[in-house]
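# Structural overview
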Amino acid sequence: MIPLSRTLALGAGCYWGTEKYVVKDFQKMFPGSIASAAVGFMSPETNAMKNPSYRQVCSGSTGHVEVLNVELNEPEKHFEELIKFFYMFHDPTTKDRQGNDMGSQYGSAIFCSDVQQKEIAGKVKTELQSLLDAGKVKYSGKKIETGIYDIQTFYPAHDEHQAYLEKNPSGYCNHFMRFKEWLVMN
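Described below are features of the structure shown in this document. Numbering of residues starts from 1 in every chain and runs along the sequence as written. Note on the predicted model: pLDDT of at least 70 is required for a residue's local features to be given, and 80 or more for side-chain atom pairs to be given and counted; whole-chain, interface and lining totals, by contrast, use all residues. Excluding hydrogens and water, the side-chain values take into account all heavy atoms of the structure.

### Observations concerning the layout of surface pockets
The criterion, for reference: Using a grid of 1 Å spacing that covers the protein atoms alone, one calls a set of points a cavity when a 1.4 Å probe fits there but cannot get out, and a pocket when the set is open and has protein on both sides within 12 Å along at least five of seven lines; lining residues are those with an atom within 4 Å of a point. Grid points are joined across faces, edges and corners, and a volume is the space filled by probe spheres set on the points. Helix and strand definitions here come from DSSP, where helices need a minimum of 4 consecutive H or I residues and strands a minimum of 2 consecutive E residues; each element is numbered from the N-terminal end. Three classes are used, and their members are as follows: Ala, Val, Leu, Ile, Met, Phe, Trp, Tyr, Cys and Pro are nonpolar, Asp, Glu, Lys and Arg are charged, and the others, Gly among them, are polar.
Its boundaries defined by the atoms lining it, the largest pocket holds a volume of some 230 Å³. Together, Trp16, Glu19, Lys20, Val23, Lys24, Ala163, Tyr164, Leu165, Glu166, Pro169 and Cys173 line the largest pocket. Of all elements in the fold, only helix H1 (15-29) and helix H5 (164-167) reach the threshold of two or more residues within the lining of the largest pocket. For the lining of the largest pocket, the element with the highest residue contribution is H1, accounting for five residues. Tallied by class, residues from the lining of the largest pocket come to seven nonpolar, no polar and four charged. Taken as a whole, the second largest pocket holds about 180 Å³ of empty space. What lines the second largest pocket is simply Pro44, Val65, Lys95, Asp96, Ser104, Gly107, Ser108, Ala109, Glu145, Gly147 and Tyr149. Listing elements by their share of the lining of the second largest pocket, those giving two or more residues are strand E6 (108-112) and strand E7 (147-150). Residues of the lining of the second largest pocket, tallied by class, amount to four nonpolar, four polar and three charged.

In structure tokens, the structure reads:
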């Protein structure tokens, strides 16, 4: 069996909150699970603008998503758990929007490095849609809009944007836990 890739990128709206929830909160649940993480930009398109600036991405004209690029220590143990956790702290039913943040750069997206990752991400998305349809979880919408894409070139954000909420604890973050544990359909 081919080992699961260690690298993925997650778009869940503003990347500051995504970073905080994954690096701090996910690692509380699974200590040592994250080898490295950095905020930046990624586009689902292979021919997207190269090395876009923050201002260009914020304009919505580049097609890039604000992402957290993650390297897992043990992807076989933590990839699926991370995808489930990702859905717990943001609203995947709002297309290109999280709270007050609107635009394609705030889309819900999972960028996968291999076929196995895409299969797991798709399975979790389908499970979540079933939970939503059954009324076991609540979001603002009724359809999971998360895009699942092949990983593309990652463009790191400027240093001042890395670990932003760690450096600025009262900084802007519209993420919150929508539910505390992954539910199972009966």
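Read on, since the account is not over.
### Details of the pattern of salt bridges
Basically, it comes down to this: What makes a salt bridge here is a side-chain nitrogen of Lys or Arg within 4 Å of a carboxyl oxygen of Asp or Glu, nothing more. When a residue's accessible area, from a 1.4 Å probe over protein chains only, is under 20% of the maximum for its type it is buried; when over 50% it is exposed; and in between it is partly exposed.
Tallied over the full model, the rule gives eight salt bridges. In this structure, the salt-bridge partner of lysine 28 is aspartate 25, at a minimum N-O distance of 3.9 Å. Of the two residues, lysine 28 and aspartate 25 are both situated in helix H1; the distance of three residues between them amounts to about one turn of the helix. Looking at lysine 28, the relative accessible area reads 58%, which means it is exposed. The exposure class of aspartate 25 is buried, given its relative accessible area of 15%. Residue lysine 84 pairs with glutamate 80 through a salt bridge whose shortest N-O separation is 3.5 Å. A residue pair is termed a helical-turn pair when its members lie 3 or 4 positions apart in one helix, as lysine 84 and glutamate 80 do in helix H3 (residues 75-88) at four residues. What you see here is one network of salt bridges that share partners, running through Glu80, Lys84, Lys123 and Glu127.

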